[in-house]
Amino acid sequence: MRRNGRKRRRRMTSKSPLQTRFRHLVAWVRSKTISVVPARRSSRIALYLAAGLVLLTVFIHLKLNDIPSFHWGISVDLKEFPKGWLNINTSRISVGGHSNSADFAHQLHVAFSKTISGVCMFAGAPYHCAVTRFAADTLIDEAGGARGSVPFCEGCPIGKTLIYDKCKSKPWAVDVGMLPDYPRRVCRERGVPNDGCLDDVDNLRKPHQRVYLQRGLRDKCYLSGSVANVHAFYAQMMDDPGNQILFNNSLDLPHTIPKPGMFKEAMAYDGPGECVTHTLKDGLPLNSRALPVAGNTFKFDQTRFSGYDPSVGWHDFGWLYVPKSCQNAPLHTFIPDRRLENEEGLKQGASQEAKDHPEDATERRGGGAERVCNANGIDREHMQSGKSSEGNNTNNNPCALMIWLKPCGGGGDPRGTSFDGFEEIAERNRIIIMTPVLKPNSCYLKFWKGCHEVARGCWDAYGQTGANYALQSGAHMRPVGEMVKDLLASSCT
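Residues numbered from 1 in each chain as written. Predicted model: local features only at pLDDT ≥ 70, side-chain atom pairs only at ≥ 80, totals over all residues. Heavy atoms only, no water.

Side note on the overall build of the protein
Summing up its helical and strand segments, the protein has 14 helices and 11 strands in all. Long-range pairs, those at least 24 residues apart, make up 73% of the contacts in the protein between residues at least 6 apart in sequence. Carbon and sulfur atoms make up 54% of the accessible area of the protein, which amounts to about 23100 Å² in all. (Helix = DSSP H or I, 4+ residues; strand = E, 2+ residues; numbered from the N terminus. Contact = heavy atoms within 4.5 Å. Areas by Shrake-Rupley, 256 points an atom, 1.4 Å probe, with all protein chains shown as cover.)

Written as structure tokens, this is what we have:
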């Protein structure tokens, strides 16, 4: 017994000071709780379980209510975009994203260049680069039935494929002279141009097309040269790249969306602001930022759009941020109750609007009639109330549209979302923000075991949903195109 006691003491003394303190703390807690906890073991277990349930309830409550980055307010679930509610400038439409969503924003810009006139990429890789074989590329074996994360490869021998994410990890191997080849020839080869393929890539040559690119010098995800290759792609597709492309790659920043005050190396730099200024404001200065307004965030139904497929990650909702100045009239004057899911939100919204504008309180709840825009773009019936330009859009001045994408399942919380600082700019600069949403999924049941990134809710920039992934008919591309088309169709312009 004495020998065993010595061994036990030696084991105790070999513990670290932190472990020893922890053991002492546990012993102290036990000594203090013995007097208040019933002696019987079953009673103690019951008390511990009750205490655990109380702590779990408190934790869930805090988790549900303490999310400062989300924007709460009177959020209505839109089953469809009501005709005449918004007034959108169809020549001021931009798309943007960060990292994986920047890759996809690039695809959308190239594929829908007739509609989308600008793109903002906070670190991204060139169009169709992930599946294109270059002379300096390293080939790997296809992983049997899994086929790896790059299931399609242009120019690869049978049984071989490319390294995943090679365009951001090995940018030096990219032949930038080959980058424009695919978008220029693919529709001719298919024989059905502009029908699920691509808009005419000559649209990118037009002077109103704008590109904003950003990469920090400390970015360890997209290595040096990766975003420069995107610049090289656009420089070959545009007539005036010096003015049409703005590339900031000189700041000592990591892989991020740089905002004012975030990093001491660039305290004043405003990435979202520079993006909007270049792609939507023609270089004109921005109005000051403003805090997002409660009730300007709306959830819309994604299930009704062509191509909706949960097996490739489509969530059942997406997000809109609409400043009051971009609304021709309060939303509830356009939509019958049957097309609104959030009844409580509608009641709160109508109550607030009645307080703000009592003169047209009799119109609350819409009366079930859908409004139609007149020939001048805005329904005059809604303009007769004479609301101020700070409230609703009575001056027939259309708003720009930013399609902002969040990477890898971002925005999927049904209680709210953030728009990464763009909503603060949108509020006083007349910009509507649309955010389509993906979620983690079981794509491997429909395709193959190698769709690892798509399964995490990432946008397909790797060909994991099909060889047409970068065309308008792609599994992620087509629904976004339909959403934008439908939103524009509902506008008065």
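Observations regarding the environment of K114
As for its position among the elements, K114 is in the loop between helix 4 (100-111) and strand 3 (118-122). Look at K114 and you get exposed, because its relative accessible area is 69%. Separated by 23 residues in the primary sequence, K114 and S91 have C-alpha atoms spaced 9.6 Å apart. (Buried < 20%, exposed > 50% of the residue type's maximum accessible area, 1.4 Å probe, protein only.)

Let's talk about the state of the cysteines
Summed over all chains, the structure comprises 7 disulfides. With a sulfur-sulfur separation of 1.9 Å, C129 is cross-linked through a disulfide to C167. Disulfide C129-C167: the torsion about the S-S bond is -95°, which places it as left-handed. Here the residue C129 occupies a position in the loop between strand 3 and strand 4 (139-141), and C167 occupies one in helix 5 (residues 166-169), the gap between them amounting to 38 residues. (Disulfide = S-S within 2.5 Å.)

Re the packing of aromatic side chains
Per the counting criterion, the structure on display carries 15 aromatic pairs. Pairing Y127 with Y182 gives two aromatic rings, centres 6.2 Å apart and planes at 40°, and the pair type is tilted. Linking Y127 in the loop between strand 3 and strand 4 with Y182 in helix 6 (residues 181-190), this pair joins segments that are 55 residues apart in sequence. Residue classification places Y127 among the buried residues on the basis of a relative accessible area of 2%. Since its relative accessible area comes to 6%, Y182 is described here as buried. Where W314 meets W459, the ring centres are 5.7 Å apart and the plane angle is 75°; that geometry is what we call edge-to-face. Of this pair, W314 sits in the loop between strand 8 (297-301) and strand 9 (317-321) while W459 sits in the loop between helix 13 (452-455) and helix 14 (477-489); the two residues are 145 residues apart in sequence, bridging distant segments of the chain. The exposure classification of W314 matches that of W459, with both residues buried. Ring pairs connect the aromatic residues F122, Y212, W404 and F422, which therefore count as one cluster. (Phe/Tyr/Trp six-rings, centres within 6.5 Å; stacked < 30°, edge-to-face > 60°.)

A look at unusual backbone geometry
Glycine aside, the phi torsion of most residues is negative, and most peptide linkages are trans. Unusually for a residue other than glycine, A123 sits at a positive phi of about 70°. Within the secondary structure, A123 is located in the loop between strand 3 and strand 4. In this model, D165 sits at a positive phi of 60°, which is unusual for a non-glycine residue. Tracing the backbone shows D165 in the loop between strand 5 (160-162) and helix 5.

Some remarks on the confidence of the model for the protein
The predicted model of the protein has a mean per-residue pLDDT of 80, with 71% of residues at 70 or higher. Here residues 61-74 is a poorly scored stretch, pLDDT under 50, and it has 31 contacts once near neighbours within four places are set aside; other chains count. Contacts of residues 349-372 to residues separated by more than four positions or lying in other chains number 47 contacts, the stretch itself having pLDDT below 50. (pLDDT = per-residue confidence, 0-100.)

Brief notes about the pattern of salt bridges
Here the structure, examined in full by the defined rule, presents 15 salt bridges. A salt bridge links D77 to K299, with the shortest nitrogen-to-oxygen separation between them at 4.0 Å. Placement of the pair is D77 in strand 1 (residues 77-78) and K299 in strand 8, with a sequence separation of 222 residues. As far as the burial class goes, D77 and K299 line up, both buried. Here D137 makes a salt bridge to K166, at a shortest N to O gap of 3.1 Å. Here D137 is found in the loop between strand 3 and strand 4, whereas its partner K166 is found in helix 5, with 29 residues between them in sequence. (Salt bridge = Lys/Arg side-chain N within 4 Å of Asp/Glu carboxyl O.)

Describing the sheet that holds strand 6 (residues 210-214)
Pairing in this open sheet of 9 strands is mixed, and the strands run 1-8-9-11-10-2-3-6-7 from one edge to the other. Each end of this open sheet is capped by a strand with a single partner; those strands are strand 1 and strand 7 (245-248). Direction of pairing for strand 3 relative to strand 6: parallel, over a ladder of 5 bridges. Across the sheet, residue C120 finds its bridge partner in strand 6, namely Y212. Helix 9 (residues 271-279) contacts strand 2 (88-98), strand 3, strand 6, strand 7, strand 10 (399-404) and strand 11 (431-435) of the sheet and is inclined by roughly 160° relative to strand 6. (Pairing = 2+ DSSP bridges. Axes fitted to C-alpha atoms, helices over the stretch in contact; angles between N-to-C directions.)

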